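# Structural features, examined
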Amino acid sequence: MPSDAQRSHLAFPTKLGFGASGLGTLYRDVSEREAAEVLAEAYATGFRYFDTSPFYGHGLSELRLGSFLRTVPRDSVMVSTKAGRYLVPPYGEKVDYGWWAAPLRLKPVFDYSYDGTMRSLEQSASRVGITDFDLVYMHDVDRFTHGAAFERRFNEAVEGCYRALDDLRKGGFIKAVGVGVNESDVATRFVKACRLDAVMIAGRYTLLDQSALVDLFPAAKASGTHIVAAAVFNSGILAAGPGSAKATYDYGAPPAEIVDKAKRIQALCAAQDAPLQAAAIQFPLRNPIVSAAVLGMSQRGRAEQNMKWSRWPISDALWSSLDELLGIKQEQTA
């Protein structure tokens, strides 16, 4: 457990990070050529933090990111991956590939033990081609992923996965340790149980959901833990717009109250000539505890567009109107 509030030494090179889940063919196939071009465009646009995971395309995302990283200086980028799953040949076993349109035909195995974590990282190093990861997150140790098995997995991760990553950090083989989850209360438990450098929280500090303000942010501030905001579009509704047939919320159909809230936010943005997407990207970064926002990209032109939205001039009047609508008090973002 952290003994003081001195902030982790971790330094993010850019406020925007490139999330490589889409390169693992999340929802749509992505060719090798397109993946390479998307990564090159992101780097040329100014992205210097790249995040991946063994789960993304069952190893495909790490392979593609690794191929690109060998074309740029290692010290010009920050690279994070995740632990908690290793990959094995299915040997005839039927595998549910879920969200992935064209993944590698490998089977993910959950394992948050010490040895399982080491196996996961050894495989990641082989795919990405680097051994000195800047940051490794314990991945998906939450109720969304494990349901009734969550408590067992949480204990396994604290006693096994965290201990392995902490040993690697102490030895100087990785630079920082974090956790990446979908639930704010779970992230808070990890912050209190472990000495973490960063928390990647998905979808819980956005224009539609600020639940991380209640528990995670105070705990992270007290422990000196960086916050990385992911899923700032809540999986799609704030990117496609609430009126779009493609709009999703937390990977499913958006509830009516979420659609209504998104429409009210969109109307406030439109009144100030600000794109909804620009507000969605910039919103989490207004809070000083948020060190970076990671955006998933898998199509040409998205890196440039996201960077443009991140720099879009948004008036204080709009932020005040949004804070009022969302019930956010000034002291919560100080």
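What this report covers is the structure whose coordinates are included nearby.

What counts, and where the lines are drawn
- Residues numbered from 1 in each chain as written.
- Predicted model: local features only at pLDDT ≥ 70, side-chain atom pairs only at ≥ 80, totals over all residues.
- Heavy atoms only, no water.
- Patch = residues over 30% accessible without salt bridge, like charges linked within 9 Å, V, L, I, M, F, W, Y side chains within 5 Å.
- Areas by Shrake-Rupley, 256 points an atom, 1.4 Å probe, with all protein chains shown as cover.
- Salt bridge = Lys/Arg side-chain N within 4 Å of Asp/Glu carboxyl O.
- Helix = DSSP H or I, 4+ residues; strand = E, 2+ residues; numbered from the N terminus.
- Expected span 1.5 Å × (residues − 1).
- Buried < 20%, exposed > 50% of the residue type's maximum accessible area, 1.4 Å probe, protein only.
- Contact = heavy atoms within 4.5 Å.
- Core = buried A, V, L, I, M, F, W, Y, C linked by side-chain atoms within 4.5 Å.
- Phe/Tyr/Trp six-rings, centres within 6.5 Å; stacked < 30°, edge-to-face > 60°.
- Lys NZ or Arg CZ within 6 Å of the ring centre and 35° of its normal.
- Pairing = 2+ DSSP bridges.
- Right-handed = clockwise from strand over helix to strand, strands pointing away.

The subject of this paragraph is a nonpolar patch on the surface. On the surface, Tyr 27, Trp 99, Phe 144 and Tyr 251 cluster together into a nonpolar patch covering about 420 Å² of accessible area. Mapped onto the elements, Trp 99 comes out in the loop between β4 (85–88) and β5 (107–110).

An ideal rise of 1.5 Å per residue puts 20 Å on 14 residues; helix α1 (residues 32–45) measures up with 20 Å between its terminal C-alpha atoms. Along α1, the residues that are buried comprise Glu 34, Ala 35, Val 38, Leu 39, Glu 41, Ala 42 and Tyr 43. Against β1 (16–19), β2 (49–51), α2 (60–69) and α11 (302–310) lie the buried residues of α1. Positioned one or two residues after α1, Gly 46 has a phi angle of 125°, which is positive.

Before going further, it helps to examine the nonpolar core. Core analysis: the largest hydrophobic core is formed by 89 residues, its most contacted members being Phe 18, Phe 50, Met 138, Phe 190, Leu 196 and Leu 207. Considering each element in turn, this core owes the most residues, 7 residues, to helix α5 (residues 150–170). When sequence neighbours within four positions are dropped, the list of residues in contact with Phe 50 reads Phe 18, Leu 39, Ala 42, Tyr 43, Leu 65, Phe 68, Val 77, Met 78, Val 79 and Ser 80. Membership of the second largest hydrophobic core comes to 14 residues, among which are Leu 10, Met 200, Ala 202 and Ala 292.

Moving on, we get to unusual backbone geometry. Of note in this structure, Asn 234 is not a glycine but carries a positive phi near 50°. Structurally, Asn 234 can be placed in the loop between β9 (226–230) and α8 (237–240). A positive phi angle, close to 55°, is found at Asp 273, a residue other than glycine. Take Asp 273: it is sitting in the loop between α9 (256–271) and α10 (276–285). For Asp 273, a relative accessible area of 64% puts it in the exposed group.

Our focus in this paragraph is the packing of aromatic side chains. Inspection of every chain in the model, using the stated rule, returns 13 aromatic pairs. Taking 5.4 Å as the distance between ring centres and 85° as the angle between the ring planes, the aromatic pair formed by Phe 55 and Trp 100 counts as edge-to-face. Of the two residues, Phe 55 is situated in the loop between β2 and α2 and Trp 100 in the loop between β4 and β5; the sequence distance between them amounts to 45 residues. Classification of Trp 100 as buried rests on a relative accessible area of 6%. Summarising the aromatic geometry, the rings of Phe 110 and Tyr 112 are spaced 6.2 Å apart at their centres and angled 25° between planes, so their arrangement reads as stacked. With a relative accessible area of 28%, Phe 110 lands in the partly exposed category. Tyr 112 gets classed as buried once you look at its relative accessible area, which sits at 0%. In textbook terms, an aromatic cluster arises when at least three aromatic residues are bridged by ring pairs, as seen for Phe 18, Tyr 43, Phe 50 and Phe 68. The lysine or arginine in question, Arg 119, covers the ring of Tyr 86, its NZ or CZ lying 4.0 Å from the ring centre. Over the ring of Phe 154 we find Arg 189; its NZ or CZ atom is 4.1 Å from the centre of that ring.

We now examine the pattern of salt bridges. For the coordinates displayed, the defined rule picks out 24 salt bridges. For Glu 37, the salt bridge goes to Arg 300, with nearest N and O atoms at 2.3 Å. One end of the pair, Glu 37, is in helix α1; the other, Arg 300, is in the loop between β10 (290–296) and α11, with 263 residues separating them in the sequence. Three or more residues are tied together by salt bridges with common partners; here these are Arg 28, Arg 33, Glu 34, Glu 37 and Arg 300.

So, about the pairing of strand β3 (residues 78–83). With 6 of 6 residues buried, β3 lies mostly within the body of the structure. With 3 bridges joining them, β2 and β3 adopt parallel strand pairing. When the bridges of β3 are listed, Tyr 49 appears paired with Met 78. On the question of chirality, the crossover connecting β2 to the parallel β3 by way of α2 is right-handed. Inspection of the sheet shows β3 paired to strand β6 (residues 135–139) by 4 bridges, in the parallel sense.

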